[in-house]
Amino acid sequence: QVQLVESGGGLVKPGGSLRLSCAVSGRTSHYHGIGWFRQAPGKEREGVSCIRNSDGTTYYSDSVRGRFTISRDNVKSAMYLDMNNLKPEDTANYYCAIGLCTGHMDYYAMDYWGKGTPVTVSS
């Protein structure tokens, strides 16, 4: 089975930056894409960003576009989310996931999930 392990979450001041990492292991050669979801208390899980395996095409939610950058390192089998100009609204548990990567990111279209890493943006 595929295993995803997130890391890098923590407490950040508004306007600050943070890099999240996702370590990938297992048979992932045929996955469509990999990306990040987040879920805040009392809210639904929402797609943040993903990158396609085939051509590296990236997608971002409207709320993070221009502030977050997704990337991958196939040699290290890792995927990253560089978050800049963080806002309190970004506070959530961030999950790494493998599955469909399109303009729409639906949690039910993802096949594998990590356990999540918490990000808190507060002064």
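The structure this text deals with has already been given above.
What this report covers is the structure whose coordinates are included nearby. Worth saying up front: this structure is predicted, and the values here are computed from it rather than measured. (Residues numbered from 1 in each chain as written. Predicted model: local features only at pLDDT ≥ 70, side-chain atom pairs only at ≥ 80, totals over all residues. Heavy atoms only, no water.)

**Let's talk about the overall build of the protein chain**
Scanning the protein chain from terminus to terminus reveals zero helices and eleven strands. Seen in sequence order, the protein chain has helices and strands lined up from the N terminus as β-β-β-β-β-β-β-β-β-β-β. Against the 2.2 N^0.38 benchmark of 14 Å for 123 residues, the protein chain shows a C-alpha radius of gyration of 13 Å, consistent with a compact globule. Seen through its principal axes, the protein chain has C-alpha atoms that stretch 40 × 25 × 25 Å. Taken across its 123 residues, the protein chain has 42% of its residues classed as buried. (Helix = DSSP H or I, 4+ residues; strand = E, 2+ residues; numbered from the N terminus. Rg over C-alpha atoms; globule rule 2.2 N^0.38 Å. Buried < 20%, exposed > 50% of the residue type's maximum accessible area, 1.4 Å probe, protein only.)

**Quick word on the pattern of salt bridges**
Here the structure, examined in full by the defined rule, presents five salt bridges. For the salt bridge of R19 with D82, the shortest nitrogen-to-oxygen distance reads 2.8 Å. A residue pair is termed long-range when its members are at least 10 positions apart, and R19 in strand β3 (residues 18-25) and D82 in strand β8 (residues 78-83) qualify at 63 residues. Given the relative accessible area of 21%, D82 is considered partly exposed. Through salt bridges with shared partners, one network takes in R38, E46, R67 and D90. (Salt bridge = Lys/Arg side-chain N within 4 Å of Asp/Glu carboxyl O.)

**Quick notes on the state of the cysteines**
Enumeration over the complete set of coordinates arrives at two disulfides. Covalent S-S linkage joins C22 and C96, the inter-sulfur distance amounting to 2.0 Å. Across the S-S bond of C22 and C96 the torsion is about -75 degrees, and the bridge reads as left-handed. Remark: C96 occurs in strand β9 (residues 92-99) and C22 occurs in strand β3; sequence separation between them is 74 residues. The buried category is assigned to C96, whose relative accessible area is 0%. (Disulfide = S-S within 2.5 Å.)

**Observations regarding the sheet that holds β8**
Within a beta sheet, neighbouring strands are joined by backbone hydrogen bonds and run either parallel or antiparallel to one another. Read across the open sheet, the four strands follow the order β1-β3-β8-β7; overall the sheet is antiparallel. Only two strands of the sheet have a single neighbouring strand rather than two, namely β1 (3-7) and β7 (68-73). Sheet twist, expressed as the average angle between the axes of neighbouring strands with direction ignored, equals 15 degrees. Judged from the five bridges that link them, β1 and β3 form a sheet pairing that is antiparallel. Paired with E6 across the strands is C22, a residue of β3. (Pairing = 2+ DSSP bridges. Axes fitted to C-alpha atoms, helices over the stretch in contact; angles between N-to-C directions.)

**Considering unusual backbone geometry**
Backbone geometry at S77 places phi at a positive 55 degrees, although glycine is not the residue there. By secondary structure assignment, the location of S77 is in the loop between β7 and β8. The partly exposed category is assigned to S77, whose relative accessible area is 35%. Phi is positive for N85, which is not a glycine, with a value near 50 degrees.

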